[in-house]
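# Geometric and topological summary
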Amino acid sequence: MAQKSVLMLCGEFMEAYETIVPLYFLQAFSVSVHCVSPGRKTGDKCVMAAHDLLGLEIYSELVVDHLTLNANFHELIPEQYDAIIIPGGRFTELLSTDEKCVSMVARFAELGKIILTSCHSQLLLAAAGILARGMKCTAFESMKPFIELSGGSWWQQSGVQTVFDITDCVMDGKFISTLGWPTLGNTLRVLLESIGSKITCSRETQPSLLFLIGDCVEDYSINVPFKAFQALGCKVDAVSPNKKKGDKCATIVHDLEEGRQLPTEKSSHNFYVTVAWEDVSVDDYDCIVVPGGRSPELLVMNDKAVGLIKKFVEKGKFVAAIGMGNWLLAATGALKKKRCASGYGTKVAVKVAGGQILESEQCVTDDKLVTAATTSDLPAFVHALSTALGLSVVF
């Protein structure tokens, strides 16, 4: 079967989470994703932003990093794609007045292609006249009047009491709409099924994963695999030794700016702990994942965190790490005599812990250990870990 292909419409200040999570998830399962922006060409960059509630009455916008475009807007042919994704963010306000963009979205609708909109990007559906058909649609709640004024039917998930309850997207015909980041796990599953995929598991039960985090965990290395394995139907939890269920962990993003040897660290989205430390039982999970960022430096000084990794190893469970996550695994002895992928930040730690670095590999699986060198290697990581856990996506 021909490779599936998805177009992602991009622009300045697009929501980073709603861009990177679907991008890396789809790439993990060999879906071709072309990222384009009007007036820009392959190799140009678009700045991305994080939007989160930081104590004000409305969300705040934080500039985080950049996405490099890999295709040209003026060359795109809608007939060649299975779907289009339009992330949220302020860029949609600008593109909703761009005739070429609006016409292109309308063309996807005419062709019966899947159209996924998130948070604020439903504005492009209104501009293209698509909502006038009475389409059922959801979005960030400030969009409700404009969806209804455009002829759409507003949909909102009922029974929501906490952020953990916000799970659903809505699909009407070929149109998938979502409130935004809380629903991305379910939304990605719906998207995969809509473009003809089937998720299979060779195990008797779906795998369950526990993510071990703390403040200053790297945004994408927690959110991409967390939402990816939700989309694959797994039970996923996040725990932190000094926080309770519902508490926030601050995340960070590293942005390599021109002329610098090292990336600049920037604040990003908050991540919510899903389970209390005292409620965690190793027997309830098949795998523990340590994302990157600076949180592994915090966790390596915490006896409870170190002890938890050791219990997973002792019980023969899967253990995985991304980037600086190797720092914690090295301290627990989990890397001894193991082949690993490593970025420059953990090479010394891996070597003194008795691990063997495979320099040319983005991601390495050695028995029940899966490691990725950097955040950029997340597509390879998600694919490798899902394969190790008996999961596959078939088109």
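Quantities reported herein were computed from a predicted structural model and do not represent experimental measurements. (Residues numbered from 1 in each chain as written. Predicted model: local features only at pLDDT ≥ 70, side-chain atom pairs only at ≥ 80, totals over all residues. Heavy atoms only, no water.)

Below, the discussion takes up the overall build of the protein chain. In terms of helices and strands, the protein chain carries 12 helices and 24 strands. Taken against the 2.2 N^0.38 rule, which gives 21 Å for 395 residues, the C-alpha radius of gyration of the protein chain at 21 Å falls within 12% of a compact globule. Over its C-alpha atoms, taken along the principal directions, the protein chain stretches across nearly 60 × 45 × 45 Å. Sequence separation of 24 or more characterises 70% of the internal contacts of the protein chain that already satisfy a separation of 6 or more. Split by element, the accessible area of the protein chain, about 16600 Å² in all, is 49% carbon and sulfur. Separation between the mean location of the 36 positive side-chain charges and that of the 44 negative ones in the protein chain comes to 5 Å. (Helix = DSSP H or I, 4+ residues; strand = E, 2+ residues; numbered from the N terminus. Rg over C-alpha atoms; globule rule 2.2 N^0.38 Å. Contact = heavy atoms within 4.5 Å. Areas by Shrake-Rupley, 256 points an atom, 1.4 Å probe, with all protein chains shown as cover. Lys, Arg positive; Asp, Glu negative; His and termini not counted. Charge placed at Lys NZ, Arg CZ, Asp CG, Glu CD.)

A two-sided burial pattern is seen for strand β23 (residues 369-372), the buried positions comprising Leu369 and Thr371 on one face and Val370 and Ala372 on the other. Of the strand pairs in this sheet, strand β19 (residues 318-322) and β23 are connected by four bridges, and their pairing is parallel. Across the sheet, the residue bridging to Ala320 is Val370, located in β23. The pairing of strand β22 (residues 363-366) with β23 spans four bridges and is classified as antiparallel. Bridge assignment links Asp366 to a residue of β23, and that residue is Leu369. Where β22 folds back on β23, the antiparallel hairpin that results is connected by two residues, among which Asp367 adopts a positive phi of roughly 55 degrees. (Buried < 20%, exposed > 50% of the residue type's maximum accessible area, 1.4 Å probe, protein only. Pairing = 2+ DSSP bridges.)

Backbone hydrogen bonds are what pair the strands of a sheet, in a parallel or an antiparallel way. Reading across the sheet, the three strands line up as β2-β4-β5 and stay open at both edges, with mixed pairing between neighbours. For this open sheet the edge positions go to β2 (14-15) and β5 (60-68), each flanked by a neighbour on one side alone. Of the pairings in the sheet, the one linking strand β4 (residues 45-52) to β5 comprises seven bridges and is antiparallel in character. By the bridge assignment for β5, Ala49 is matched with Val63.

The next subject is the packing of helix α1 (residues 16-28) against helix α7 (residues 219-231). Two elements in contact, α1 and α7, have axes separated by 9 Å at closest approach and are oriented at 60 degrees. One element, α1, and the other, α7, form an angle in the oblique class. In the crossing of α1 with α7, the sense of the turn from one axis to the other is right-handed. Facing α1, whose interface residues are Ala16, Tyr17, Ile20, Val21, Tyr24 and Phe25, α7 presents Tyr220, Asn223, Val224, Lys227, Ala228 and Ala231. (Axes fitted to C-alpha atoms, helices over the stretch in contact; angles between N-to-C directions. Parallel < 35°, antiparallel > 145°, perpendicular 65-115°, else oblique. Left-handed = near helix turned anticlockwise from the far one by under 90°.)

Our focus in this paragraph is the UniProt feature "domain: DJ-1/PfpI" (unreviewed entry) in the protein chain. Annotation from UniProt places "domain: DJ-1/PfpI" (unreviewed entry) at residues 4-186 and 209-386. Secondary structure across residues 4-186 comprises 25% helix and 27% strand; the distance between its end C-alpha atoms is 20 Å. For the annotated span residues 209-386, helix accounts for 30% and strand for 28% of the residues, and the straight-line distance between the end C-alpha atoms is 11 Å. (UniProt positions renumbered as here; feature names shortened; annotations may be inferred.)

This paragraph deals with the packing of aromatic side chains. The full count for this structure, using the stated rule, is six aromatic pairs. On the basis of an interplanar angle of 85 degrees and a centroid distance of 5.5 Å, the ring pair of Tyr59 and Phe140 is categorised as edge-to-face. With a gap of 81 residues between them, Tyr59 in the loop between β4 and β5 and Phe140 in the loop between β8 (136-137) and α5 (144-149) connect regions that are remote in the sequence. You can call Phe140 partly exposed: its relative accessible area is 25%. (Phe/Tyr/Trp six-rings, centres within 6.5 Å; stacked < 30°, edge-to-face > 60°.)

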